[in-house]
Structures are given as structure tokens and as C-alpha cells.
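Now for the letters of each chain:
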Amino acid sequence: MRYCPLILLCLLLASCVAPDPLEAPEGDKAAELVARLKDHPTDVEASADLLRIQMERSDAEGARLTVEHTMFHCSGDFRAYLLAAQYHRWQLDLLTAEKELRKARELVPLRVEPRVALAALYRDAALDTDELIQREAAVQLADDATRAELLLDLIYTRATGGQAQRALDQARALANSAAPSLVRCRAWLLISELALDASDETSAVAALLEARKLEPRDRSVVRFAARLAAALANPAPLRAMFEDVLAKQEDPEARFGALFGLWTTDVCLALRAEKDAFSKEIEATWLRLLEIDEGQPDALSRRYLLISLHEHRKPEAERIKQRLEQLGFGAPATASSAAALVRLWRAEDCLRLGAAHPCLAELDQLMPREPRMPALKLLRATGLFVTRQDAACIEYINGLLAETQGKGDELIAMKRQIQLRQGKAIELVRELEGSEPTSQNDIWVLAVARFHTYRVK
């Protein structure tokens, strides 16, 4: 079609008009950023800070204007497209988010940032293969300063995506490399997880202690060890580490983790040996733990389960139950024996540490003996999901949903995630569009299913 000169001029002018001026949202920081952008419209970092504030305030209109402003003034800067993708991801428009990230990648094909952002989008959208491709590319493009950290991200993606052996080989190589100590520490923790999942507890403990050597003051290492205490058949080798933390560190979080791990270790050892789990030493550890944090829900829940094994401790059990209710947590269903309690803790903490196979093994022994613990069913479904036994997991979830007449948000979410992994996005779109989803999870799954269905690969 040919346009007359006047119409053509109008079209050209319309395409060059800047978006409406940004309005200053409430709050000093936001107002400062708006003022800065009016004076320095190409300041992408200021735009990013403003967009984050607007998203936190659910200010969709303000966020849209910020993105339009940035795209108008910074169309040649790949960061503008990353910012636009962030906004569209927030608006659940994953198709446009991917499109913007691809534009950023085209602008700077040798930069890692668009690759990392694409990988994150694909992770959230359950596109495992696409995520791996982008993470591999990011590692190849990275400079010496960032390569090790990006490689660790890639290894974790492999570990959670069903490539345990390759992840283990790469993690070992990274842990023994000249990478920064924090990255090597995280690699050793992953090795510990993978060893635990393979029921190699000796290697799991050894890897944890290597991580501790590299980062002796890292809280996350202590938290990991505290969970590992219940996950191990013999947690005794961890006692020295917990005692070392308590002797050398004043940080409350690290000390709480060490005390929780020490208490768990001694209680589990006592219960397995059919000895007193309320000895003077064990109770002293518990009291020290309470001095740091008397309202930690998980610690209180485990104490409740322990004392519920003893009829004469009912008053304390009732006090803890009331405390858990005040904190917004209900008291857990109790175990019928000390052996069952140890199995329960082991199953829970194995799963927390990514070791779903030993979790399932414990549940095989525990569930027939503890029919009155409904939480075990969700634990088993999660274990099947994590180990990617998709057909078995779907069958098990369907049985549980039949028992509850279709109720169970966590189970339904797992089932739909598996359906996405199985390439059944179109069926999900039809199902959810027909039911007009209202829950946040259903709305998100519908957005992901549409993304799977309509994206151009």
C-alpha cells in the first residue's frame, strides 16, 4: 500500500513520540528514581530499581510505563530487553518475555546475561532441555571470573533433571579445581546430596566435611549438616563438627543449627540403641537451643513428636502443641514407636536434601506401620515426583485424589507439572481454560501450558 505524504509523515511522527512521562509513585526512593530518569532517561539501572519497587507494590501501570520509557530511550541496550522480559514474566506473558530475551541475545550474542535469563525462564516453565542448552552456552561464553559459578548452576540443573552421574562427575571436578572456595564448597555439598541419594553415607559425610573445611563460617553448611544428622543411619561422625561450631562461632544462626544437629544426632542414636533420649546431656542441648530461639517450628514439632512417645510427658506435649498453634502451625500426627519416629525424620530430611531414593525406601517400611500419619502420603508422592517416576507418581496421585474427592492443591500441582514434562500442555490448556482458574497455581500453570503450546521453537 502507498501512503500520501501527509499520512506517511503522521505515521512517522507517531512512531517517534516518547511514552507518557513517568509519574512519581509514593515513597521517597521511587520518587528519587523517577526524578533521576527524567534527567537521565538512559539510566537502565535506575529503571531496573524503579521497576522492582513498582512490582513489589503491584503497580502494573507504573511498571508498564517504566518499561516503555526504557525501551524508547535504550532500544540499543540489551539490558532494556532483559527489563522488559522481567515485566512480561511478572504479567504471566511468557511468550513475550521469551521474545524479549531472544532480542537481548541477538544484540549481544557473546554475553552470558541473556543466556542466564533464558535459562531461568525455561526452568520456571518446566522446559528442562531448553534450560540446559542455555546454561551450557553461558558456561562456554563466561569469563574466568564467572565461569565456575555458572558451571555450578549447570551441574545443579543436571542433578535435578535426572542426570545424577554426570552431575556427580562434574561436581567432583569442580570441587577439586582452583575455583573460588565458596563455589567449591557448594560443589562438595552437592556431592554430599548425591552420595546420600545413592545411600553412600560415608561419602556423604566426607563431602560435607570437605565443604566445611573450605567455608568454616558458612551458615548453610551447618544447616545442611543439621539435616544430614537425621538422614544418616549413623550420624555420630557429625558430632565433632557441631561441637567445633559451638566452640568457635558466636553467630546465632550457626549456633542454632549446630545445637539442632547435635540434639538430633544424640536423640537418633539414643532411640536406635533403645536408650534414654532425655538424658542430662541431651536435655542440656535442648535447653541451649531454646535460649537462642524458643519458637522455631520445626524444632518444636520434632520435640513434640519425641515427647509424645511418653505418656507421662503429656503436660509438656500440650504446651508445645499450644505453642505451635500460636505460631500458625498445627501439631503433627504422632508416631507409634521410637523406630517409626527415626524413620519419619530420616525420610523427611533425606527429601529435604534432595535424596528422594532413601526417602522412598524409608516410607516403604514406615507407611504400613503408621496408617494414621496422612502426611506420609504427600511425602511419598513428592519422592516419586523428585525421582521422576512420572507414571507411578501420576497413578499414586490419582488414587489419593480419589480418596479426597479431588481435593489436594499440592497433589494437583505435582500432577500438572508432570503433565507438562510429558508434553501434555494442550490438554492442560483445554482443562484450565474450561474451568476458569482462580488459584494462583492454576493461573501460573495455565500461563506455562500456553507457553508450551504456542511458543516458536
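These lines cover the structure that appears in this document, whether it is placed above or below. Sequence order as written defines residue numbering, which begins from 1 separately in each chain. For a predicted model such as this one, the threshold for reporting local features is a pLDDT of at least 70, and the threshold for listing and counting side-chain atom pairs is 80 or more; totals across whole chains, interfaces and linings nevertheless cover every residue. Water and hydrogen atoms were dropped before computing side-chain values, which therefore reflect all heavy atoms in the structure.

1. Considering the environment of Asp 130
Turning to its location among the elements, Asp 130 is positioned in helix H8 (residues 128-141). Considered as a pair, Asp 130 and Leu 228 are 98 residues apart in the sequence and their alpha carbons are 33 Å apart. The contact criterion used throughout is that any non-hydrogen atoms of two residues lie within 4.5 Å. Apart from the residues within four sequence positions on either side, Asp 130 is in contact with Tyr 122 and Arg 455. A run of H or I in DSSP counts as a helix once it spans at least four residues, and a run of E counts as a strand once it spans at least two, with each numbered from the N terminus.

2. Digging into helix H7 (residues 113-124)
A helix's residues, less one, multiplied by 1.5 Å, set its expected span. Helix length check: H7, at 12 residues, gives a terminal C-alpha distance of 17 Å against a target of 16 Å (1.5 Å per residue), a fit within 8%. All of the buried residues along H7 are Pro 114, Arg 115, Leu 118, Ala 119, Leu 121 and Tyr 122. End-on view of H7: buried residues confined to an arc of 165 degrees, all on one side of the axis. Looking at the buried positions of H7, the neighbouring elements they touch are helix H5 (78-90), helix H6 (94-107), H8 and helix H25 (440-454). Exposed residues in this analysis have more than 50% of their type's maximum accessible area, buried residues have under 20%, and partly exposed residues fall in between, with area computed by a 1.4 Å probe over protein chains only. Note that the arc is computed from the directions linking the helix axis to the C-beta atoms.

3. Observations regarding helix H19 (residues 338-352)
Taking 1.5 Å as the rise per residue, H19 with 15 residues should run 21 Å; its terminal C-alpha atoms sit 21 Å apart, in good agreement. Taken as a whole, H19 has its buried residues at Ala 340, Leu 341, Val 342, Leu 344, Trp 345, Arg 346, Ala 347, Asp 349, Cys 350 and Leu 351. Positioned one or two residues after H19, Gly 354 has a phi angle of 85 degrees, which is positive.

4. A short note on the packing of aromatic side chains
Geometry of aromatic contacts follows a simple scheme: Phe, Tyr and Trp rings, the Trp one being its six-membered ring, pair when their centres are within 6.5 Å, and the pair is stacked under 30 degrees between planes, edge-to-face over 60, tilted otherwise. Under the criterion given, the structure shown has 5 aromatic pairs. With centroids separated by 6.0 Å and ring planes inclined at 45 degrees, the aromatic side chains of Trp 263 and Trp 345 adopt a geometry described as tilted. With a gap of 82 residues between them, Trp 263 in helix H15 (residues 252-272) and Trp 345 in helix H19 connect regions that are remote in the sequence. No difference in accessibility class separates Trp 263 from Trp 345, as the two residues are buried. When the ring centre of Tyr 396 is taken as origin, the NZ or CZ atom of Arg 380, which lies over that ring, is 5.8 Å away. Just above the ring of Phe 385 sits the side chain of Arg 421; from NZ or CZ to the centre is 4.4 Å. Each ring is checked for a lysine NZ or an arginine CZ that lies within 6 Å of its centre and within 35 degrees of its normal; such an atom marks a charge sitting over the ring.

5. Brief notes about unusual backbone geometry
In this structure, Ser 199 is a non-glycine residue whose phi angle is positive, near 65 degrees. The residue Ser 199 is located in the loop between helix H11 (181-197) and helix H12 (201-214) in this model. Of note, Glu 274 is a non-glycine position whose phi angle comes to about 55 degrees, a positive value. As for its placement among the helices and strands, Glu 274 is situated in the loop between H15 and helix H16 (280-292). A relative accessible area of 76% means that Glu 274 is categorised as exposed.

6. Overview of the side chain of Arg 303
With respect to the element layout, Arg 303 can be found in helix H17 (residues 297-307). A residue is classified by how much of its surface remains accessible, and Arg 303, at 2% relative accessible area, is buried. Setting aside anything within four residues of it in sequence, one finds Arg 303 in contact with Trp 263, Phe 278, Glu 283, Trp 286, Arg 313, Glu 316 and Ile 320.

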